[in-house]
Amino acid sequence: MTFKNENPRDDLFKDLEAFGETLETSSGAQIRSKVVHVKKKQDDPITKGRVRKSRTLLVGSALAMFAVVIAGLTLVKNDEAPSDDIAHESVELIGEASTVYAIDGSVIEGYVVDDSEDEETRVRSENAEPFVRLVEQKIVDDGLLNLKGSSLAEVLQSGGLKIYTGYNPDFQAAALTSIKNSSVPPGDNSVDLVTVDTETGAINALVSRQIPATQDASVTENSVMEHKRKAGDAFGPVIYASALESGVTSQDSIAAGGPCAFKTASGDVNKLVGSSYGPPERAGSIGEELFSNKCFAARLGLFVGKDTVSKTAELLGLDVETVDTVLPIGEELIAPVDLTGAYASFANGGKKVTPWMIDRIEDPYGEVLYEREKEMMQILNSQTAYEVTKKLYDNVAQTNGMGTGRRAGMENHQVAGQTATDAQPTSVSFAGYTKQKATTVIVSNDEGVRIEIEGVNPFGGTIAAPLWADYMEKIHKNIDPIDFIEPKPVEDEGKLLEIPNGVEVEYPSTSE
Amino acid sequence: MYVTFETFIENNGAQLRAGLVAAFGPNIGVEAAADAMAYGWENWDRLKKMKNPTGYLYRVGQTSVRRQTKPQGYLPAKPVNDGPSFEPQLAPSLEGLTESQRVAVVLVHALGWPLGEAAVVLDISVSSLRAHIQRGLEKLRVALKVDAHDI
């Protein structure tokens, strides 16, 4: 007969306890709870075997720590409201928990993850938790409420507020499932995803740093909104829109082709991949070129001018962080949610789409404490928006027999979109849209090393695009297809665009 | 309700520090705790009316490090001062968890805090804490290739 150990402590827990001791020693004060293992508590599988004996030691060490804090700082009592209490309206605590609503009017359960409910409710609430945390953060960061000296948690738990959001539980679940089932291996890789409604700007789904093969996304990190990255080729549509708004037409051609090199602001020579299409002395019409042809994008940007491109980017809501380059070619740092909003503007005929999480906040009596700006300005000519869309559509549909986004194609919906792949690559992405929904998917290696997937060459088109399509098919299941329609066809024979002299330098030989 | 900040710190300072050290390691965590306590001292008139000033200050500390780039190896990877030894890959594996999972696992299983107290410090529900612990332990087991015996 074999006797079962009544209190089997596996190595992980022993290691964690030893680690806790080290952590305490390293931090220089008592931070562990005084615990003793006696017997398992059957009603609590996590804390079984642990009973707290005493916390007497904590008091002295905490006082010592406070003394250190006071000694190291010159502090002034501050009776002014702290910075996160900037406000529109006041909030009265009335002792009733607040409610967060999804865009379909359903209550988001994620405010408190409740595992006592049925499985479906528990999963939905777990899925929503990261989004709700970001809603909380947004309220504080943007000062949407006057907290009147209370913490946000207090106000939400006792304020009886109604917070209406753009969250779509089905979209969020689809995102988590598509990422979980994607070809991206876990390890150091993570996925960011954001979906914006092209009509309203509502952020319907948002996933920050989900580990593939799990449904585990970060609750506290908001990389979709806060982590700016190089947009790469996905910035091409902004350059193209700038050119079209400046009087260039899709029939025009650039009077240069082939590989190219430019000096950066710091004087280094930046070599770019040249055009693979068209004769070397002259590329084809700009309407036929791909944004993944970096020399095309660079030369077009050079023709239009960096300032003009920057202004267009600003109009599109891109909070661009400039970098050391004389060219507008995708070195700029942009947050994924802003890029998605800009693409949504292309889908929406050139109206500015500003992504939002919170539509409005009401107090318990129905008075509106906060409401988002709903006006959508026409920032681009509708023809410009269409031309950009057509080019991105061609990139997916391979109308010209080429395109990097073909794996993002959907069965019944027209898709416009652009891939981006950084140098190693450590990050690949696909940003695209149907007429109704814009989504960006970014797959990154968090350790900054090359993404490796067995049997796949790592590119935006091979990794991010299929994931994007899988997710978009799911969320469009109940959405009727609407095609991209040209507002007013333009007849134009095209002209030759001469780029300014003295910026492009001789392409270095391979021995250099 | 605490009358003085000193009383509050006597009773809750260690938990606050434990939470931030569990999340960000001894160096960054201690600094964040100092920032949070300094903020608490400055704003005590307001904080003392709150139901959970510890949780509020935890978030203050969390915010103070949120935008910082955490260096690799911010958790101690080996014992100090002849302490008990542990798996060398444990610290890197913990750093691979999300912040919520890491702080939950370390507070409850490394530092021995009861669930209820850990949840108060982190200003989340016990059920949320449980979910983070469960996910964190699962990921640790995969990373360290150890089997579960008693969870």
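Scroll up a little and you will see the structure.
Worth saying up front: this structure is predicted, and the values here are computed from it rather than measured. (Residues numbered from 1 in each chain as written. Chains lettered and ligands numbered in written order. Predicted model: local features only at pLDDT ≥ 70, side-chain atom pairs only at ≥ 80, totals over all residues. Heavy atoms only, no water.)

Looking at this structure, I do not really get helix α1 (residues 5-42) of chain B. What am I missing?
A turn of α-helix holds 3.6 residues, and therefore any two residues three or four places apart point the same way. Residues and elements named next belong to chain B. In this model, α1 (38 residues) spans only 10 Å end to end at C-alpha, well below the 56 Å of a helix rising 1.5 Å per residue. In the structure, α1 departs most strongly from a straight axis at G25, where the bend amounts to approximately 135° and where the proline P26 lies between one and four residues downstream. Among the 38 residues of α1, 28 are classified as buried, and the element is accordingly described as predominantly covered. (Helix = DSSP H or I, 4+ residues; strand = E, 2+ residues; numbered from the N terminus. Expected span 1.5 Å × (residues − 1). Bend = angle between axes of the 7 residues up to and from the residue. Buried < 20%, exposed > 50% of the residue type's maximum accessible area, 1.4 Å probe, protein only.)

Explain the environment of R17 of chain B here, please?
Residues and elements named next belong to chain B. Along the chain, R17 falls in helix α1. Residue class for R17 comes out buried when judged on its relative accessible area of 7%. Residues R17 and E31 lie 14 residues apart in sequence; the distance between their C-alpha atoms is 9.2 Å.

Explain the pattern of salt bridges to me, please; I cannot follow it from the model alone.
Side-chain pairs of opposite charge can arise whenever the charged atoms involved come near each other. Tallied over the full model, the rule gives 15 salt bridges over all chains. Between K390 of chain A and D394 of chain A there is a salt bridge, and its shortest N-O distance comes to 3.4 Å. Note that K390 of chain A and D394 of chain A are positioned in helix α11 (residues 382-397) at a spacing of four residues, about one turn of the helix. With a relative accessible area of 37%, K390 of chain A lands in the partly exposed category. Linking D45 of chain B and K48 of chain B is a salt bridge whose minimum nitrogen-to-oxygen distance equals 3.8 Å. Residue class for D45 of chain B comes out partly exposed when judged on its relative accessible area of 39%. (Salt bridge = Lys/Arg side-chain N within 4 Å of Asp/Glu carboxyl O.)

Sorry, what's going on with the sheet that holds strand β3 (residues 99-101) of chain A here?
All names here are of chain A. As summarised here, the arrangement of the four strands in space is β3-β4-β12-β13, forming an open sheet in which the pairing is mixed. Both edges of this open sheet fall to β3 and β13 (368-371), since each of them pairs with a single strand only. Across this sheet, the average inter-strand angle for adjacent strands is 15°, counted without regard to direction. Across four bridges, the pairing between strand β4 (residues 162-165) and strand β12 (residues 358-362) is antiparallel. In the strand pairing of β12, Y164 is matched with R360. (Pairing = 2+ DSSP bridges. Axes fitted to C-alpha atoms, helices over the stretch in contact; angles between N-to-C directions.)

Where do I start with the sheet that holds strand β16 (residues 437-445) of chain A in this structure?
By way of backbone hydrogen bonds, the strands of a sheet pair with one another, either parallel or antiparallel. Residues and elements named next belong to chain A. Taken together, five strands build an open sheet; the order of strands is β6-β5-β16-β15-β14 and the sheet is antiparallel. Both outer strands of the open sheet, β6 (203-210) and β14 (416-421), are each paired with one neighbouring strand and no more. Taken over all neighbouring pairs, the strand axes of this sheet differ in orientation by 10° on average, direction set aside. Looking at chain direction, strand β5 (residues 189-197) and β16 are connected through nine bridges and run antiparallel. Each bridged residue has a counterpart across the sheet, and for L193 the counterpart in β16 is V441. Strands in contact with helix α12 (residues 460-475) are β5, β6, β14, β15 (427-433) and β16; relative to β16, the strand with the most contacts, it is inclined by about 140°. (Contact = heavy atoms within 4.5 Å.)

Please explain the packing of aromatic side chains as it appears in this structure.
Two measures describe an aromatic ring pair: the distance that separates the ring centres and the angle between the ring planes. Residues and elements named next belong to chain A. Enumeration according to the criterion identifies twelve aromatic pairs over all chains in this entry. Each ring, one from Y240 and one from F291, has its centre 5.8 Å from the other, and the planes form 65°; the classification is edge-to-face. You can see Y240 sitting in helix α7 (residues 236-245) and its partner F291 sitting in the loop between β10 (269-272) and α8 (294-304), a full 51 residues away along the chain. The buried category is assigned to F291, whose relative accessible area is 3%. Feature note: the residues Y343, F346, Y433 and F484 constitute an aromatic cluster, connected by ring pairs. The lysine or arginine in question, K391, covers the ring of F291, its NZ or CZ lying 5.1 Å from the ring centre. (Phe/Tyr/Trp six-rings, centres within 6.5 Å; stacked < 30°, edge-to-face > 60°. Lys NZ or Arg CZ within 6 Å of the ring centre and 35° of its normal.)

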